[in-house]
Amino acid sequence: MTLDIRLIPGQSPEDIESKIRAIFNRLQSQDAHFNADLEVIESRPPTATSRQEPVVVELDRAFRDLAGKEPVYGGVPGSTDGTILFGRAGVPIVTCGPGDTLIPHHIDEYLDIDQLVEATRLYTVTAMRYLGVHTP
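Residues numbered from 1 in each chain as written. Predicted model: local features only at pLDDT ≥ 70, side-chain atom pairs only at ≥ 80, totals over all residues. Heavy atoms only, no water.

**Regarding the pattern of salt bridges**
Inference 1: By the definition in use, this model includes eight salt bridges.
Inference 2: Across the pair Asp 15 and Lys 19 runs a salt bridge whose closest N-O atoms are separated by 3.4 Å. One end of the pair, Asp 15, and the other, Lys 19, are both in helix α1 (residues 13–30), four residues apart, so they sit about a helical turn from each other.
Inference 3: Between Glu 42 and Arg 44 there is a salt bridge, with the nearest N and O atoms lying 2.8 Å from each other.
Inference 4: Residue class for Arg 44 comes out partly exposed when judged on its relative accessible area of 24%. (Salt bridge = Lys/Arg side-chain N within 4 Å of Asp/Glu carboxyl O. Helix = DSSP H or I, 4+ residues; strand = E, 2+ residues; numbered from the N terminus. Buried < 20%, exposed > 50% of the residue type's maximum accessible area, 1.4 Å probe, protein only.)

So, in structure tokens, the structure goes:
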């Protein structure tokens, strides 16, 4: 069996591993034929970036200006390279992108061109503002 566990803020890889090992131990004590081993192939920390972080502030402002509505904050069901940047280098990250969050990496993955254009505008305005370039 392979488990792919995506951590959320407040969880630690060590805590999750400890809980899985405790389940194995309990099952082994109940059934002499039960045998399991645990191998962690990769471990990435959960990410959480403050809404006061400058990149978040600029993304929020750009989204409001371009979309004319409030952004929705929350987690994503997948993983990104942001976990590496955040976890290993302390780089503040924001996961924000176009399309349905359940479609990536599936057969016939797609994105509407209008969504791509909107996201490109959002990223461009955010980056320019973050870098101090005046935008309308």
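Now that the structure is up, let's keep going.
**Quick look at the layout of surface pockets**
Inference 1: As a volume, the second largest pocket reaches approximately 180 Å³.
Inference 2: Around the second largest pocket sit Val 55, Leu 59, Pro 92, Ile 93, Val 94, Cys 96, Tyr 123, Thr 126, Ala 127 and Tyr 130, which together line it.
Inference 3: Here the element with the most residues in the lining of the second largest pocket is helix α4 (residues 113–130); it accounts for four residues.
Inference 4: When grouped by side-chain class, the residues that make up the lining of the second largest pocket number nine nonpolar, one polar and no charged. (1 Å grid on protein atoms, 1.4 Å probe; cavity = no way out; pocket = protein on both sides within 12 Å on 5 of 7 lines; lining within 4 Å. Points joined across faces, edges and corners; volume = space filled by probe spheres on them. Nonpolar A, V, L, I, M, F, W, Y, C, P; charged D, E, K, R; others polar.)

**A closer look at the environment of Met 1**
Inference 1: The topology assignment puts Met 1 in the segment before α1.
Inference 2: For the pair Met 1 and Leu 122, spaced 121 residues apart in sequence, the C-alpha separation works out to 41 Å.

**Focus: the packing of aromatic side chains**
Inference 1: Within the structure shown, the criterion is met by one aromatic pair.
Inference 2: Where Phe 24 meets Phe 34, the ring centres are 6.1 Å apart and the plane angle is 55°; that geometry is what we call tilted. On the criterion of sequence distance, the pair formed by Phe 24 in helix α1 and Phe 34 in the loop between α1 and α2 (54–67) is long-range, its members being 10 residues apart.
Inference 3: Residue classification places Phe 24 among the buried residues on the basis of a relative accessible area of 17%.
Inference 4: Look at Phe 34 and you get partly exposed, because its relative accessible area is 26%. (Phe/Tyr/Trp six-rings, centres within 6.5 Å; stacked < 30°, edge-to-face > 60°.)

**As for α2**
Note on helix geometry: an α-helix contains 3.6 residues per turn, so any two residues three or four positions apart are oriented the same way.
Inference 1: Taking 1.5 Å per residue as the helical rise, α2 with its 14 residues ought to reach 20 Å, and the 20 Å between its terminal C-alpha atoms agrees with that figure.
Inference 2: Regarding α2, the residues found buried are Val 56, Glu 58, Leu 59, Asp 60 and Ala 62.
Inference 3: Here the buried face of α2 lies against α4.
Inference 4: At the exit of α2 stands Gly 68, carrying a positive phi of roughly 70°. (Expected span 1.5 Å × (residues − 1). Contact = heavy atoms within 4.5 Å.)

**Re the packing of α2 against α4**
Inference 1: At a minimum axis separation of 9 Å, α2 and α4 run at an interaxial angle of 130°. Considering their axes alone, α2 and α4 lie oblique with respect to each other. Between α2 and α4 the crossing geometry is right-handed. Of α4, the residues touching α2 (which contributes Pro 54, Val 55, Glu 58, Leu 59, Arg 61, Ala 62, Phe 63, Asp 65 and Leu 66) are Arg 121, Leu 122, Val 125, Thr 126, Arg 129 and Tyr 130.
Inference 2: Residues that form the contact of α2 with α4 fall into these classes: nine nonpolar, one polar and five charged. (Axes fitted to C-alpha atoms, helices over the stretch in contact; angles between N-to-C directions. Parallel < 35°, antiparallel > 145°, perpendicular 65-115°, else oblique. Left-handed = near helix turned anticlockwise from the far one by under 90°.)

**Thoughts on the environment of Thr 80**
Inference 1: Relative to the elements of secondary structure, Thr 80 occurs in the loop between α2 and α3 (82–89).
Inference 2: Here the alpha-carbon distance between Thr 80 and Thr 95, two residues 15 residues apart in the chain, equals 7.7 Å.
Inference 3: Residue contacts for Thr 80: discarding those within four places in its chain leaves Arg 44 and Thr 95.
Inference 4: Among the polar contacts made by the side chain of Thr 80, one reaches the main-chain amide nitrogen of Gly 82 at a distance of 2.9 Å. (Polar contact = N/O pair within 3.5 Å; in protein donor to acceptor, adjacent residues only side chain to side chain.)

Take it as geometry only, folks, not as evidence of what the structure does.
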